[in-house]
Amino acid sequence: MRTISLFLGLLLALNVTAATNEVEKFKSSIMTFLAEEGYMPKYDDDARIVFKKEGVEYWIDVKENSPIFIQFHRDGLGCADADRARVMESCNYANLKALCAKVYASEKTVSFAVEMFCHSPEEFRYIFYACIKQLDKVYDYVKDYYNREDDSSSSSSSSSSSSSSYSSSNVMSKFFPVYGFTLGSVTTRDFKNRGYEVETLDSGSKNCDIYGLTHWDHNNDDIYEVIYMIKSDKMPESWQNNVGLYWSLSYNQIVSLFTGMGFTMDVEEAPVVKTYQNRKVLSAKVLFTSPDGRYSFDLTFNYGNSNGEGVTRDSRNSLYSIRIKAL
């Protein structure tokens, strides 16, 4: 019996070692993948994989199992001073809407996670960005539902006023903060405290580039009031997910998007077809002002592309630049 017990114990130890090695191989593969994608992953004190994407921190916990069990998290929300009932209602709403991400509320925080089994690192790579998208969506579900305005709190006679108030107070929250900063209030110190470089020109103007969004302080008051970007810059994923803003949208889609959010529209240069590099392209300039009157979006349409797009008001890829200003 002793021989059998020793043999079983040895088998168990070998199995545990094999499982541990498998987990380490899996984690190493994830680290390599994240580095290849341009992130800077690291291990925290609990041996979890941690990385940041557009200023948001995510972490991955790989568990011993067969298949491998993974918990994929993102930054949560503090709720210590929040309305507890409303927090729980928001979490329940998000859990019903989300495809695979789930919300967990404690006394002080709201946490977000995707939990899954993976047979191989290749399987995880395939679903990586889908997981991030769902984590970001469930985060927004909670935040937007908690910050909603209840129609029942106002009478029918003031319903149009409530609708206007809702639009004014919430539309710009879909845009800002972006990458952790809010245009019109962010300062040089804010950028430098997060490790970003600020360039000062001979004119005294300062700028700071955050993932392709160049923030400008033109009037030298150390408050950055302008963002300028062109179609070769990456559109923030939060604007894509929360607003539906993409470089590929047509002129008519852009107009529908912004006016549908309550922006006022001023056509500075009416849409016309011009010739550029021996091809026809749509040219236009439109200014949208946010419902609360605090921001303007100056959009330029031009150049199209060599694939024949960007010629008509309904054709894709005519948008060239976006200039956002805090008024």
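Residues numbered from 1 in each chain as written. Predicted model: local features only at pLDDT ≥ 70, side-chain atom pairs only at ≥ 80, totals over all residues. Heavy atoms only, no water.

Explanation requested: the packing of aromatic side chains in the structure shown.
The description of an aromatic ring pair rests on the distance of the ring centres and on the angle between the ring planes. Summed over all chains, the structure comprises 32 aromatic pairs. With a centroid separation of 6.4 Å and 75° between ring planes, the pair formed by Y58 and F72 is classed as edge-to-face. Highlighted residues: Y58 in strand β3 (residues 56-63) and F72 in strand β4 (residues 68-78), separated in sequence by 14 residues. Each of the two residues, Y58 as well as F72, counts as buried. Measuring from ring centre to ring centre gives 5.5 Å for F263 and F297, while their planes differ by 90°; the resulting arrangement is edge-to-face. One end of the pair, F263, is in the loop between α7 (251-260) and β11 (264-276); the other, F297, is in strand β13 (residues 295-301), with 34 residues separating them in the sequence. Residue F297 is classed as buried on the basis of its relative accessible area, which comes to 0%. One aromatic cluster is present, formed by F33, Y39, F51, Y58, F72, F124, F128 and Y129 through successive ring pairs. (Phe/Tyr/Trp six-rings, centres within 6.5 Å; stacked < 30°, edge-to-face > 60°. Helix = DSSP H or I, 4+ residues; strand = E, 2+ residues; numbered from the N terminus. Buried < 20%, exposed > 50% of the residue type's maximum accessible area, 1.4 Å probe, protein only.)

Help me understand the sheet that holds β3 in this model?
Within a sheet, neighbouring strands are paired by backbone hydrogen bonds and run either parallel or antiparallel to one another. One open sheet accounts for 6 strands, arranged β1-β2-β3-β4-β6-β5; its pairing is antiparallel. The sheet is open, and its two edges are formed by β1 (42-43) and β5 (102-105), each paired on a single side. When β5 meets strand β6 (residues 109-118), the two strands line up antiparallel, connected through 4 bridges. Across the sheet, Y104 pairs through a bridge with S111, a residue of β6. Where helix α2 (residues 84-97) meets the sheet, it contacts β5 and β6, and its direction lies at approximately 160° from that of β5. (Pairing = 2+ DSSP bridges. Contact = heavy atoms within 4.5 Å. Axes fitted to C-alpha atoms, helices over the stretch in contact; angles between N-to-C directions.)

What is the right way to read the confidence of the model for the protein chain from this model?
As a note on interpretation, predicted positions should not be read in detail where pLDDT is low. When the pLDDT values of the protein chain are averaged, the result is 84; 87% of them are 70 or greater. A low-confidence stretch, residues 151-169 (pLDDT under 50), is modelled with 12 contacts involving residues beyond four sequence positions or located in other chains. (pLDDT = per-residue confidence, 0-100.)

Can you walk me through the sheet that holds strand β10 (residues 226-230) in this structure?
Read across the open sheet, the 8 strands follow the order β7-β8-β9-β10-β14-β13-β12-β11; overall the sheet is antiparallel. With one partner strand each, in any of the chains shown, β7 (199-200) and β11 form the two edges of the open sheet. For β10 and strand β14 (residues 319-326), the ladder comprises 5 bridges, and the chain directions are antiparallel. Among the inter-strand pairings, V226 is bridged to a residue of β14, identified as K325. Across the face of the sheet, α7 comes into contact with β11, β12 (279-289), β13 and β14 while running at roughly 10° to β12.

Which parts of the structure should I look at to understand the pattern of salt bridges?
Two side chains with opposite charge may pair up if their charged atoms get near one another. Counted according to the given criterion, the structure contains 13 salt bridges. For the salt bridge of D136 with R74, the shortest nitrogen-to-oxygen distance reads 2.8 Å. In this pair, D136 is assigned in helix α3 (residues 121-146) and R74 in strand β4, connecting sequence segments 62 residues apart. Note that K234 and E237 form a salt bridge whose closest N and O atoms lie 3.8 Å from each other. K234 sits in the partly exposed class, given a relative accessible area of 43%. A cluster of three or more residues bridged by salt bridges with shared partners is formed by K53, E54, K234 and E237. (Salt bridge = Lys/Arg side-chain N within 4 Å of Asp/Glu carboxyl O.)

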